[in-house]
Amino acid sequence: MLFQLFTFPNGTTTKNRFFKSAMEEQLAIDNQPTQALVNLYRTWALGGAGVLVTGNVMVSPNGKGSVGDVVVSDDRSLAMLKAWADAGKTANTLMIMQINHAGKQSPKAVNREPVAPSAVPLVGMDGFINPPRALQAVEIEKIIGEFITTAKIAEQAGFSGVQIHAAHGYLISQFLSPHHNQRNDDWGGSLANRMNFLLKIYQGIRENVRPDFLVGVKLNSADFQKGGFDENDSLAVVAKLSELGIDFIEISGGNYESPAMLAEKSSTRQREAFFLDYAEKSRKISQVPLIITGGFRSEMAMNDALKSGNLDLIGIARPLALIPDLPNQIQNGTYQTLTTNRIKTGLTPLDKKVGAVLEMDWYMAQMRLIGEGKSPNPKLSAWKVLFNTIVANGKAGLSTGRS
């Protein structure tokens, strides 16, 4: 089933079921897209995936989550955006821009005063991320407009669609969570109010782009955080988005404080994918195209997941940073199931402290190599990546939280 065509509700067709999920590249320069991003996405398109989703593209300079984020708030880089979109659409591939606002998940070197639905600080981020201030209602409306503007520019640049990032603890996810959103106005309180921010963004985009322009959402199955956005909340949001005609939903989970998107659950290890149980529940209430991302490694597991009927496309992220032509290899019969181990320095205390960040940096280093026209290096030293990260972050004021 991996190489069957799939048609989205708006009539757009993808050539196969491989959905390259978003990975943060941090390859922007001065917030703008670069030739390295063009090279990277052309390589992935030639590698055979049916759909490519970019890493974070922020809708506002004030919404950045890292120094290397692309920001699209106006058309100043339209030519490079067109080149990026064209590269991602090589070989009849769909190219989706993921649009996002970090909210309070914004390091102090990037944003001295991050914003959030409520002034609830992130746990364990002292010295790295400043406590946020609560957004005023007029600012919320402004950010909704920024999401719409970015989507319109993506359409103008030739992207096939946008994915609204409502997962992983970023701003929309913060609005959805009763832990992070403690407002008592139209934007907080009941789940209906908490999802209002996401729905206004979706509806605003949908009203301002062509019918054949894909508009999807990345959503947490849960935050895995006490008092946070839970599975029942998530399923209710899926039902509402389905009612409104969303083109696709990708499921993930977790946030900075509880990063489930970086951890494998023992209950799903044998089936590889992390969120298949949720997919079964979601399919009972919605027929919207569903993507599950996280854990897929073998061709058999991918096909079995599709045969279950509970999802429509297979979300793959990190394996494509090591095997950019993974879909082609499967089609050609040359793919050998990728085994990925946690990236570690070998020093337990250090790995406990920086393990998740080091792993993300290691995969971003692989993407940088591809963007430079080189091959990925599975044997790349974790120590070398850590050293380069410390040097780079020290220059940006990130390693110690000082600017």
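Residues numbered from 1 in each chain as written. Predicted model: local features only at pLDDT ≥ 70, side-chain atom pairs only at ≥ 80, totals over all residues. Heavy atoms only, no water.

1. Describing the overall build of the protein
Link 1 in the chain: When you go through the protein residue by residue, the secondary structure sums to 13 helices and 14 strands.
Link 2 in the chain: Dimensions along the principal axes, computed over C-alpha positions, put the protein at roughly 55 × 50 × 45 Å.
Link 3 in the chain: Evaluated residue by residue, the protein yields a buried proportion of 60% over its 403 residues.
Link 4 in the chain: Expressed as a percentage of contacts within the protein between residues at least 6 apart in sequence, the contacts between residues at least 24 apart total 69%.
Link 5 in the chain: A total accessible area of about 16300 Å² is found for the protein, and carbon and sulfur atoms account for 51% of it.
Link 6 in the chain: Here the protein contributes 41 positively and 37 negatively charged side chains, and the mean placements of these two sets differ by 5 Å. (Helix = DSSP H or I, 4+ residues; strand = E, 2+ residues; numbered from the N terminus. Buried < 20%, exposed > 50% of the residue type's maximum accessible area, 1.4 Å probe, protein only. Contact = heavy atoms within 4.5 Å. Areas by Shrake-Rupley, 256 points an atom, 1.4 Å probe, with all protein chains shown as cover. Lys, Arg positive; Asp, Glu negative; His and termini not counted. Charge placed at Lys NZ, Arg CZ, Asp CG, Glu CD.)

2. Examining the nonpolar core
Link 1 in the chain: Judged by nonpolar contacts, the single largest core of 103 residues is most densely connected at W84, I164, F197, I205 and L219.
Link 2 in the chain: Per-element accounting of this core gives the leading share, nine residues, to helix α3 (residues 137–157).
Link 3 in the chain: Mapping this core onto the domain boundaries places at least three of its residues in each of domain 1 (6–340) and domain 2 (347–402).
Link 4 in the chain: Apart from the residues lying within four places of it in its own chain, the contact partners of F197 are I140, I143, I144, L171, I172, F175 and W187.
Link 5 in the chain: In this structure, F8, I96, L214 and F248 belong to the second largest nonpolar core, which totals twelve residues. (Core = buried A, V, L, I, M, F, W, Y, C linked by side-chain atoms within 4.5 Å. Domains from an automatic or database assignment.)

3. A word on the domain arrangement of the protein
Link 1 in the chain: Partitioning the protein into domains gives domain 1 (6–340) and domain 2 (347–402).
Link 2 in the chain: On a C-alpha basis, the centroid separation for the pair domain 1 and domain 2 is 22 Å.
Link 3 in the chain: Roughly 1700 Å² is buried in total at the junction of domain 1 and domain 2, and carbon and sulfur atoms are behind 71% of that figure.
Link 4 in the chain: For domain 1, the biggest contributors to the area lost against domain 2 are R318, A321 and L322; these three give 30% of the whole.
Link 5 in the chain: Where domain 1 touches domain 2, the interface holds one salt bridge.
Link 6 in the chain: Between R318 and E359 there is a salt bridge, and its shortest N-O distance comes to 3.4 Å.
Link 7 in the chain: Applying the counting rule to domain 1 against domain 2 returns three residue pairs in polar contact (both at pLDDT 80 or more).
Link 8 in the chain: The element contributing the most residues to the side of domain 1 that touches domain 2 is helix α1 (residues 35–46), with five residues. (Buried area = accessible area lost by both parts, 1.4 Å probe. Salt bridge = Lys/Arg side-chain N within 4 Å of Asp/Glu carboxyl O. Polar contact = N/O pair within 3.5 Å; in protein donor to acceptor, adjacent residues only side chain to side chain.)

4. Section: helix α8 (residues 276–283)
Working note: α-helix, 3.6 residues per turn, so residues spaced by three or four point in the same direction.
Link 1 in the chain: Of the positions making up α8, those classed as buried are L276, Y278, A279, S282 and R283. Considered in projection along α8, the buried side chains sweep an arc of 150 degrees and stay on one side of the axis.
Link 2 in the chain: Where α8 is buried, its residues meet β11 (214–220), α7 (231–244), β12 (248–252), β13 (290–293) and α9 (299–307). (Arc of directions from axis to C-beta.)

5. A closer look at the environment of V110
Link 1 in the chain: Inspection of the secondary structure assignment puts V110 in the loop between β7 (94–100) and β8 (115–116).
Link 2 in the chain: Spatially, the C-alpha atoms of V110 and I129 are 9.2 Å apart, while their sequence positions differ by 19 residues.
Link 3 in the chain: Residue contacts for V110: discarding those within four places in its chain leaves K64, S66 and V67.

6. Some thoughts on the packing of helix α6 (residues 196–206) against α7
Each pair of packed helices can be described by the angle between their axes along with the distance between the axes.
Link 1 in the chain: Close contact between α6 and α7 brings their axes to 11 Å; oriented N to C, the two are set at 20 degrees. One way to sum up the angle between α6 and α7 is to call them roughly parallel. The chirality of how α6 crosses α7 is right-handed. Each of L198, L199, Y202 and Q203 in α6 lies in contact with α7, whose residues at this interface are V237, K240, L241 and L244.
Link 2 in the chain: A breakdown of the residues in the contact of α6 with α7 according to their chemical character gives six nonpolar, one polar and one charged. (Axes fitted to C-alpha atoms, helices over the stretch in contact; angles between N-to-C directions. Parallel < 35°, antiparallel > 145°, perpendicular 65-115°, else oblique. Left-handed = near helix turned anticlockwise from the far one by under 90°. Nonpolar A, V, L, I, M, F, W, Y, C, P; charged D, E, K, R; others polar.)

7. Let's talk about the pairing of β12
On a regular strand, each side chain points to the face opposite its neighbour's, so the side chains alternate between the two faces of the sheet.
Link 1 in the chain: In terms of burial, β12 is largely enclosed, as five of its five residues are buried.
Link 2 in the chain: The alternating pattern of β12 places F248, E250 and S252 on one face and I249 and I251 on the opposite face, and all of these are buried.
Link 3 in the chain: Bridging between β11 and β12 involves five bridges; their strand directions are parallel. From the neighbouring strand, N220 faces β12, where its bridge partner is S252.
Link 4 in the chain: When β12 meets β13, the two strands line up parallel, connected through three bridges. Of the residues in β13, the one forming a bridge with I251 is I292. (Pairing = 2+ DSSP bridges.)

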